[in-house]
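Inside the fold
Listed here are the chains, written in short residue letters.
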Amino acid sequence: MAAHVIVLANRTAAAPELIEALVHRAERGPIVATLVMPAGGPGTAERAVAAERLEGALNAWRNAGITHCDGVVCDPVPLEALSEVWDPLRHDEVIVATLPGQSSKWIRADLPHAVARFTGVSVLHVVAHDPEDRLATSPAPAHEKAPLGPLSVLAWGGRHS
């Protein structure tokens, strides 16, 4: 029997880090994944944007081999969105995908722990980059290294005669 996994994600829904986590989870046993995507805000325009992102993410999941998946756009508040779909008799685990560090409102709100308290099931927190963010994919600038490497701090004082 397949495990029913809810994935709570928005901008990170099609991120390689999340897809890798789903593929890794599916290697342990068959899964049925449901993407719960909070709308970006109130109104039909925000829901339309989220629905387009959701379809793109589900296509990326299917291309990676996660064939049993569906999704739904829900309330803009992530925990409310999850509560619209969560069924403790049907769902077995949750994956929460957030942006890294303090750039993530979800991390600042401690969403992964709130989801664990709400559901009472195993919650995997995946930190992922926004695949639409061009800055996240640009290479880091090259830095020149000091010729002495870490020992260069010993040369700070200069030479004394």
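Here the structure is shown first, and the text comes after it.
I will try to describe carefully the structure that is included in this document. (Residues numbered from 1 in each chain as written. Predicted model: local features only at pLDDT ≥ 70, side-chain atom pairs only at ≥ 80, totals over all residues. Heavy atoms only, no water.)

Moving on to the overall build of the protein. Counting its secondary structure elements, the protein contains six helices and five strands. Buried positions account for 35% of the 161 residues belonging to the protein. The contacts in the protein between residues at least 6 apart in sequence include a share of 74% that link residues at least 24 apart. Summed over its atoms, the accessible surface of the protein is roughly 9,900 Å², and 57% of this surface lies on carbon and sulfur atoms. (Helix = DSSP H or I, 4+ residues; strand = E, 2+ residues; numbered from the N terminus. Buried < 20%, exposed > 50% of the residue type's maximum accessible area, 1.4 Å probe, protein only. Contact = heavy atoms within 4.5 Å. Areas by Shrake-Rupley, 256 points an atom, 1.4 Å probe, with all protein chains shown as cover.)

Another point: the layout of surface pockets. Over the atoms rolls a probe the size of a water molecule, and in doing so it shows where empty space is left. Looking at the largest pocket, its volume works out to about 450 Å³. Contributing to the lining of the largest pocket are 21 residues, with Asn10, Arg11, Leu99, Lys105 and Trp106 lying nearest its centre. Elements supplying a minimum of two residues to the lining of the largest pocket: helix 2 (44-63), strand 4 (93-98) and helix 4 (105-108). When residues in the lining of the largest pocket are grouped by element, the largest group, four residues, is from helix 2. The residue makeup of the lining of the largest pocket, split by class, is 11 nonpolar, six polar and four charged. (1 Å grid on protein atoms, 1.4 Å probe; cavity = no way out; pocket = protein on both sides within 12 Å on 5 of 7 lines; lining within 4 Å. Points joined across faces, edges and corners; volume = space filled by probe spheres on them. Nonpolar A, V, L, I, M, F, W, Y, C, P; charged D, E, K, R; others polar.)

Once that is clear, we can look at the pattern of salt bridges. Counted according to the given criterion, the structure contains four salt bridges. Glu93 is the partner of Arg25 in a salt bridge, and the nearest nitrogen-oxygen pair spans 3.0 Å. Of this pair, Arg25 sits in helix 1 (residues 16-28) while Glu93 sits in strand 4, placing them 68 residues apart in sequence. On the basis of relative accessible area, Arg25 is assigned to the buried category, the value being 11%. One salt bridge connects Glu132 with Arg53, and the closest N-O pair in it is separated by 3.9 Å. Here Glu132 is found in the loop between strand 5 (122-127) and helix 6 (134-137), whereas its partner Arg53 is found in helix 2, with 79 residues between them in sequence. (Salt bridge = Lys/Arg side-chain N within 4 Å of Asp/Glu carboxyl O.)

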